[in-house]
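# Survey of secondary and tertiary structure
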Amino acid sequence: MKYITAGESHGIGLTAVLEGFPSNVTVSEQAVNDQLKRRQLGYGRGGRMKIESDRVHILSGMFGSRTLGSPIALFVENRDFEKWREYTHPVTGKPAAKALTAVRPGHADYTGCVKYAFDDARFVLERASARETAARVAVGALCRGMLLDLGITIGSHVTNIAGVKSGVCPESAEGLNELADKSEVRCLDNIAEKAMIKKIDECMSRGDTAGGEAEIIVSGFPAGVGSYAQYYRKLDAVLGMHLMSVQAVKSVSVGLGAEVANLFGSSVHDEMFCEGGKAVRRTNNAGGIEGGMSNGENIVLRVAVKPIPTLMQGLRTVDIKSGEQTVAAPERSDYCAVPAAGVVAENAVAFALADELMKVTGGDDFRTISERVAEMRKRSAL
Ligand code: EPS
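Residues numbered from 1 in each chain as written. Predicted model: local features only at pLDDT ≥ 70, side-chain atom pairs only at ≥ 80, totals over all residues. Heavy atoms only, no water.

## Things to note about empty space enclosed by the protein
Rule in force here: Here a cavity denotes a set of grid points, spaced 1 Å apart and computed over the protein atoms alone, in which a 1.4 Å probe fits but from which it cannot get out, and a pocket denotes an open set meeting protein on both sides within 12 Å along at least five of seven lines; residues with an atom within 4 Å of a point are reported as lining. Grid points are joined across faces, edges and corners, and a volume is the space filled by probe spheres set on the points. Any residue that is not Ala, Val, Leu, Ile, Met, Phe, Trp, Tyr, Cys, Pro, Asp, Glu, Lys or Arg is counted as polar, Gly included; the first ten are nonpolar and the last four charged.
Under the counting rule described, the total for this entry stands at two cavities of 30 Å³ or more. Quantified by volume, the largest cavity comes out at close to 40 Å³. As for the largest cavity, its lining consists of Gly207, Asp208, Thr209, Thr310, Leu311, Met312, Glu331, Ser333, Asp334 and Tyr335. Tallied by class, the residues present in the lining of the largest cavity amount to three nonpolar, four polar and three charged.

## Focus on the layout of surface pockets
Our working definition: Every helix listed is a DSSP run of H or I at least four residues long, and every strand listed is a run of E at least two residues long, numbered separately from the N terminus.
Roughly 950 Å³ of volume is contained in the largest pocket. If you trace the largest pocket, you find 38 residues lining it, with His107, Ser129, Ala130, Arg131 and Ser333 closest to the centre. When contributions to the lining of the largest pocket are tallied by element, the ones reaching two or more residues are α2 (48-51), α5 (122-128), β11 (249-254) and α11 (338-361). Per-element accounting of the lining of the largest pocket gives the leading share, four residues, to α11.

## Digging into the site of the ligand
As a reminder of what qualifies: A molecule or strand has a residue near it when one of that residue's heavy atoms lies within 4 Å. In the analysis that follows, any N or O atom pair within 3.5 Å is treated as a polar contact, provided that within protein one partner can donate a hydrogen and the other can accept it, and provided that, for residues neighboring in sequence, both atoms belong to side chains. Accessible areas in this description were obtained via Shrake-Rupley with a 1.4 Å probe; residue shielding takes into account the shown protein chains only. Being in a pocket or cavity means that more than half of the molecule's atoms lie within 2 Å of its grid points.
Around the ligand, a shell composed of His10, Arg39, Arg45, Arg48, Met49, His107, Ser129, Ala130, Arg131, Arg332, Ser333 and Asp334 is seen. The side chain of aspartate 334 places a nitrogen or oxygen atom 3.4 Å from an oxygen atom of the ligand. When the ligand is considered free in solution it has 470 Å² of accessible area, and contact with the protein chains removes 90% of it. According to the grid-proximity analysis, the pocket containing the ligand is the largest pocket. When grouped by side-chain class, the residues that make up the shell around the ligand number two nonpolar, four polar and six charged.

## Some words on a nonpolar patch on the surface
Which entries qualify depends on this criterion: For patch detection, residues must exceed 30% relative accessible area and be free of salt bridges, and they are connected within 9 Å for like charges or within 5 Å for nonpolar side chains (Val, Leu, Ile, Met, Phe, Trp, Tyr). By convention in these notes, a salt bridge is any Lys or Arg side-chain nitrogen within 4 Å of a carboxyl oxygen on Asp or Glu. Relative accessibility thresholds used throughout: buried, under 20% of the residue-type maximum; exposed, over 50%; partly exposed, between the two (1.4 Å probe, protein chains only).
The grouping of Tyr110, Val114 and Ile320 at the surface amounts to a nonpolar patch, some 290 Å² of accessible area in total. Of note, isoleucine 320 is situated in the loop between β17 (316-318) and β18 (325-327). Look at isoleucine 320 and you get partly exposed, because its relative accessible area is 32%.

## Regarding the packing of helix α1 (residues 29-40) against helix α6 (residues 133-149)
As a reminder, the rule being used: Orientation is described by axes fitted as lines to C-alpha atoms, over the contacting stretch for helices, and by angles from 0 to 180 degrees between their N-to-C directions. Here the word oblique covers every angle except those under 35 degrees (roughly parallel), over 145 (roughly antiparallel) and from 65 to 115 (roughly perpendicular). Here a crossing is taken to be left-handed if its near helix is turned anticlockwise relative to the far helix by less than a right angle, and right-handed if that turn runs clockwise. Contacts: residue pairs with any heavy atoms within 4.5 Å of one another.
Running from N to C, α1 and α6 point in directions that differ by 140°, and their axes come no closer than 9 Å. Accordingly, the angle class assigned to the pair α1 and α6 is oblique. Crossing geometry of α1 relative to α6 is assigned as right-handed. Contact residues: α1 offers Val32, Gln35, Leu36, Arg38 and Arg39, while α6 offers Thr133, Ala134, Val137, Ala138, Ala141, Leu142 and Arg144. Of the residues that constitute the contact of α1 with α6, the class distribution is seven nonpolar, two polar and three charged.

## A short note on the pattern of salt bridges
All chains considered together, the criterion is met by 25 salt bridges. Across the salt bridge formed by lysine 359 and glutamate 356, the nearest N and O atoms sit 2.7 Å from each other. Taken together, the residues span about one helical turn, with lysine 359 and glutamate 356 both in helix α11 at a distance of three residues. Three or more residues are tied together by salt bridges with common partners; here these are Arg39, Arg48, Glu52, Asp54, Asp80, Lys83, Arg131 and Arg332.

## Considerations on the packing of aromatic side chains
Put simply, the test is: Working definition: a ring pair exists when centres of Phe, Tyr or Trp rings (six-membered ring for Trp) sit within 6.5 Å. Plane angles under 30 degrees give stacked, over 60 give edge-to-face, the rest tilted. By the criterion adopted, a ring carries a charge over it if an Arg CZ or a Lys NZ lies within 6 Å of its centre and within 35 degrees of its normal.
The tally for this structure, following the rule as stated, stands at four aromatic pairs. The interplanar angle of 70° and the centroid separation of 4.8 Å between the aromatic rings of tyrosine 3 and phenylalanine 351 together place this pair among those described as edge-to-face. You can see tyrosine 3 sitting in strand β1 (residues 2-6) and its partner phenylalanine 351 sitting in helix α11, a full 348 residues away along the chain. Phenylalanine 351 matches tyrosine 3 in its accessibility class, with the two residues each being buried. Both rings, one in tyrosine 116 and one in phenylalanine 118, keep their centres 6.1 Å apart while their planes meet at 25°; by these two values the pair is stacked. Under the relative-accessibility criterion, tyrosine 116 is labelled exposed at 53%. Looking at phenylalanine 118, the relative accessible area reads 33%, which means it is partly exposed. Connected via pairs of aromatic rings, a cluster forms that spans Tyr116, Phe118 and Phe123. The ring of tyrosine 116 has lysine 115 lying over it, and the distance from NZ or CZ to the ring centre is 5.2 Å.

Written as structure tokens, this is what we have:
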């Protein structure tokens, strides 16, 4: 499968085209809208989320909610476009009277102006904005629906905001989102949750922003997807690409992640035990991936996201027009988007895993895929 997205943050809307999705999958439009809604939530979002109420328009690739195997075009409208159409209309838009030249360190403003030869960072930020993740979530939601029909569940929870860590380690993705979504910061640890909210309040009051970390868990994914045979077939490498490309993500880890550097092999590797004729593990430090392939355990990933680079208090910068020292202009933005980043990450993982699974099972029609998944499950049940 492949998908591309198009659209600016304050343009008409966001479009995605998903190519290669199998036929005969029953798609729930409501399930896509549910994912879009989850992405919009979270304590610390800015004023924009009060304007938007994201809903998907499915334009092609299915009849009567059943996929045809042909490209699926999706559209999510930007309600805020009406306020911006004077500047951002694709045909009649005119450059703003005052260019944004006090580039925000950490955002794409400076590098985008250099690369595309712009003298106004608005031309950059419109596309660099994390608004684009709405389109990615819509695509991921379709894939996630198919995975769910195959008995594969994806969930996430927030493990850290601004250094406040959750002490809860869920065992499975089953029921995880139902619990996490009850919390405004999607944190399962009640004490940490309150401290996280306090940190975000502190950020808001001084015009600062907060980053953090989310854990994504996938349950029910069959063993044997991915391959050790080539670098681009390794499941962890593929997942890394899909997650690192989510706006603001600065690190991705699998299982124990960077912690492996501190430990001996005897405490890292997940020993196998024969119980009732089956091979079982008592630990999952590998995060469900060994040798670039899924091993049948839960896939456990973490993403760390940087604090949003738009600070109301302003960061010191250089004006790209005058060349003078200045302070980055405060723009409306979020103070913390870590809960939303976890939801985006889940849906990015859904696309990556559906795509990799289809490379093993054949990807044209859902029946073939489910028969192959059943076979794979039998083969791995030692
Ligand atoms: C963003 C800035 C804010 C965020 C936006 C990402 O938007 P605005 O500039 O309109 O206030 O709310 O995220 C979304 C719009 C979204 O849907 O997630 C940025 O600069 O990246």
